[in-house]
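One-letter residues, chain by chain:
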Amino acid sequence: MTKEEIVEKMIQFMSDEFEVDEDAIQPDSNLKDTLGLDSLDYVDLVVSIESNFGVKLVEADFVGIDSFQSFFDLIENKLKLKVA
């Protein structure tokens with residue numbers, strides 16, 4: 001799966017799940033603020049990633065993840081490790 005496919009799939013999911021306009025999801029935008037995430041929303045996000053991409057995320061993975069770009073990079077790196 002390419003980075004573009006990851007980004008496209010996640011933008012679609014986040015837009016639908018968190019009722020945010022796709023245009024608001026920009027690489028440098030703050031993930032938590034833009035989506036209005038609380039702790040339960042993070043759980044939904046993790047479950048979605050696990051079901052859509054087959055990779056596991058833990059709380060420690062989110063340390064330092066503040067922008068959508070860093071979030072997409074995290075998913076891409078997890079997928080690369082899964083394949084390796």
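Treat the numbers as computed from the prediction; the structure is a model and nothing was measured.

K.L.:
Which parts of the structure should I look at to understand the overall build of the chain?
P.N.:
Looking only at helices and strands, the chain has four helices and zero strands in total. The linear arrangement of helices and strands in the chain, starting from the amino end, is α-α-α-α. The C-alpha radius of gyration computed for the chain amounts to 12 Å, which stays within 12% of the reference 12 Å derived for 84 residues, consistent with globular compactness. Its C-alpha atoms put the chain at 35 × 25 × 20 Å along the principal axes. Within the chain, buried positions represent 40% of all 84 residues. Counted over contacts in the chain with a minimum sequence separation of 6, partners at least 24 positions apart contribute 59%. In the structure as shown, the chain presents an accessible area of about 5100 Å², 50% of it carried by carbon and sulfur atoms. The average position of the 7 basic charges and that of the 20 acidic charges among the side chains of the chain differ by 11 Å.

K.L.:
When you look at a negative patch on the surface in this model, what are you seeing that I'm missing?
P.N.:
A surface patch of negative charge is lined by Glu4, Glu5, Glu8, Asp16, Glu17, Glu19, Asp21, Glu22, Asp23, Asp38 and Asp44. Looking at which element gives the most residues to the negative patch, the answer is helix H1 (residues 3-18), with five residues.

K.L.:
What is the right way to read the packing of helix H3 (residues 39-53) against helix H4 (residues 68-83) from this model?
P.N.:
How two helices pack is summed up by the angle between their axes together with the distance between the axes. It is the contact of H3 with H4, at a shortest axis distance of 12 Å, that shows an interaxial angle of 40°. By the angle between their axes, H3 is oblique relative to H4. Two packed elements cross with a definite hand, and for H3 against H4 that hand is right-handed. Contact residues: H3 offers Leu45, Ile49 and Phe53, while H4 offers Phe71, Ile75, Leu79 and Lys82.

Parameters at a glance
- Residues numbered from 1 in each chain as written.
- Predicted model: local features only at pLDDT ≥ 70, side-chain atom pairs only at ≥ 80, totals over all residues.
- Heavy atoms only, no water.
- Helix = DSSP H or I, 4+ residues; strand = E, 2+ residues; numbered from the N terminus.
- Rg over C-alpha atoms; globule rule 2.2 N^0.38 Å.
- Buried < 20%, exposed > 50% of the residue type's maximum accessible area, 1.4 Å probe, protein only.
- Contact = heavy atoms within 4.5 Å.
- Areas by Shrake-Rupley, 256 points an atom, 1.4 Å probe, with all protein chains shown as cover.
- Lys, Arg positive; Asp, Glu negative; His and termini not counted.
- Charge placed at Lys NZ, Arg CZ, Asp CG, Glu CD.
- Patch = residues over 30% accessible without salt bridge, like charges linked within 9 Å, V, L, I, M, F, W, Y side chains within 5 Å.
- Salt bridge = Lys/Arg side-chain N within 4 Å of Asp/Glu carboxyl O.
- Axes fitted to C-alpha atoms, helices over the stretch in contact; angles between N-to-C directions.
- Parallel < 35°, antiparallel > 145°, perpendicular 65-115°, else oblique.
- Left-handed = near helix turned anticlockwise from the far one by under 90°.

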